[in-house]
Amino acid sequence: MPPSLLALSLFFHLIATVIWIGGLMLLLILVLPAARHTLLENTQASAFYSRVRKGFFPLVNLSLVVLLFTGLLQMSADEHYAGVLQFTNEWSVAMLFKHAAYLGMIVCGVVMQYVVAPARERAALRTSRGKGDPAAYARLRAREHRLAWLTLLLGIAVLGFTAWANAL
């Protein structure tokens, strides 16, 4: 692969990583705790969180696609790459762990986007109308929070496995 194409692939791969993992870290460590402390009324906090989520998910999904294509390009160009499902060296083992963590991030993201977030929004709407169960809403919020933290931890693992592979 020409060095210029590899450099471009690395650039977009890093940008997508920053958006996904960096954005998630920023949200979990700074934005959401500040919102919880500032927005005392549940409907305000719920509306804020919903708006942030709706803005963040498309960026995450785009990053996912960019990471997939640029990662495949880079992996196939690496001198350590021996082929699909060929674990003949330490680099390929590090890549296996990296891809397992990456898939874990995808699963968490799909569950958050298509299962928990819609259920949470329905529960928030019912609660705001006086018909919902605040405890059910709190459980969904806690589940989404746990999934987000798990996604972040898996993202940190991806970075660690990447560092391991690049050190070889």
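Please read all numbers here as calculations on a predicted model, not as lab measurements. (Residues numbered from 1 in each chain as written. Predicted model: local features only at pLDDT ≥ 70, side-chain atom pairs only at ≥ 80, totals over all residues. Heavy atoms only, no water.)

*Asks:* How should I be thinking about the packing of aromatic side chains in this particular structure?
*Replies:* Working definition: an aromatic ring pair is given by the centre-to-centre distance plus the angle between the planes. The final tally for this structure, using the stated rule, is five aromatic pairs. Centre to centre, the rings of tryptophan 20 and tyrosine 102 are 6.0 Å apart; their planes meet at 75°, and the pair counts as edge-to-face. With tryptophan 20 in helix H1 (residues 3-38) and tyrosine 102 in helix H3 (residues 90-128), this residue pair connects regions lying 82 residues apart in the sequence. No difference in accessibility class separates tryptophan 20 from tyrosine 102, as the two residues are buried. (Phe/Tyr/Trp six-rings, centres within 6.5 Å; stacked < 30°, edge-to-face > 60°. Helix = DSSP H or I, 4+ residues; strand = E, 2+ residues; numbered from the N terminus. Buried < 20%, exposed > 50% of the residue type's maximum accessible area, 1.4 Å probe, protein only.)

*Asks:* Can you help me understand the confidence of the model for the chain in this one?
*Replies:* Detailed reading of the predicted model is not advised wherever pLDDT is low. This prediction gives the chain a mean pLDDT of 88; 98% of its residues lie at or above 70. Taken element by element, the chain is modelled with least confidence in helix H2 (residues 42-77), mean pLDDT 86, and with most confidence in helix H4 (residues 134-167), mean pLDDT 92. (pLDDT = per-residue confidence, 0-100.)

*Asks:* How should the side chain of arginine 120 be read in this particular structure?
*Replies:* Looking at where arginine 120 falls in the secondary structure, it is placed in helix H3. Classification of arginine 120 by relative accessible area gives buried; the value is 5%. Within the structure, arginine 120 has its side chain in polar contact with the side chain of glutamate 144 (distance 2.7 Å). Among all residues touching arginine 120, those that are not within four sequence positions of it are Tyr49, Arg53, Tyr137, Leu140, Arg141 and Glu144. (Polar contact = N/O pair within 3.5 Å; in protein donor to acceptor, adjacent residues only side chain to side chain. Contact = heavy atoms within 4.5 Å.)

*Asks:* Mind showing me how you'd approach a nonpolar patch on the surface here?
*Replies:* On the surface, Met1, Leu5, Leu8, Phe11, Phe12, Ile15, Ile19, Leu59 and Leu73 cluster together to form a nonpolar patch covering roughly 750 Å² of accessible area. Mapped onto the nonpolar patch, the elements with two or more residues apiece are H1 and H2. Sorting elements by how many residues they give to the nonpolar patch places H1 first, with six residues. Within the element layout of this structure, phenylalanine 11 appears in helix H1. Given the relative accessible area of 46%, phenylalanine 11 is considered partly exposed. (Patch = residues over 30% accessible without salt bridge, like charges linked within 9 Å, V, L, I, M, F, W, Y side chains within 5 Å. Areas by Shrake-Rupley, 256 points an atom, 1.4 Å probe, with all protein chains shown as cover. Salt bridge = Lys/Arg side-chain N within 4 Å of Asp/Glu carboxyl O.)

*Asks:* How do you make sense of the packing of H1 against H3 when you look at a structure like this?
*Replies:* Each pair of packed helices gets described by two things: the angle between the helix axes and the distance between those axes. The interhelical angle for the contact between H1 and H3, taken along N-to-C directions, is 50°, at an axis separation of 13 Å. When the axis of H1 is compared with that of H3, the two are oblique. At the point where H1 passes H3, the crossing takes the left-handed sense. Residues His13, Trp20 and Ile21 of H1 pack against Lys98, Tyr102, Met105 and Ile106 of H3. For the contact of H1 with H3, the class distribution of residues is five nonpolar, one polar and one charged. (Axes fitted to C-alpha atoms, helices over the stretch in contact; angles between N-to-C directions. Parallel < 35°, antiparallel > 145°, perpendicular 65-115°, else oblique. Left-handed = near helix turned anticlockwise from the far one by under 90°. Nonpolar A, V, L, I, M, F, W, Y, C, P; charged D, E, K, R; others polar.)

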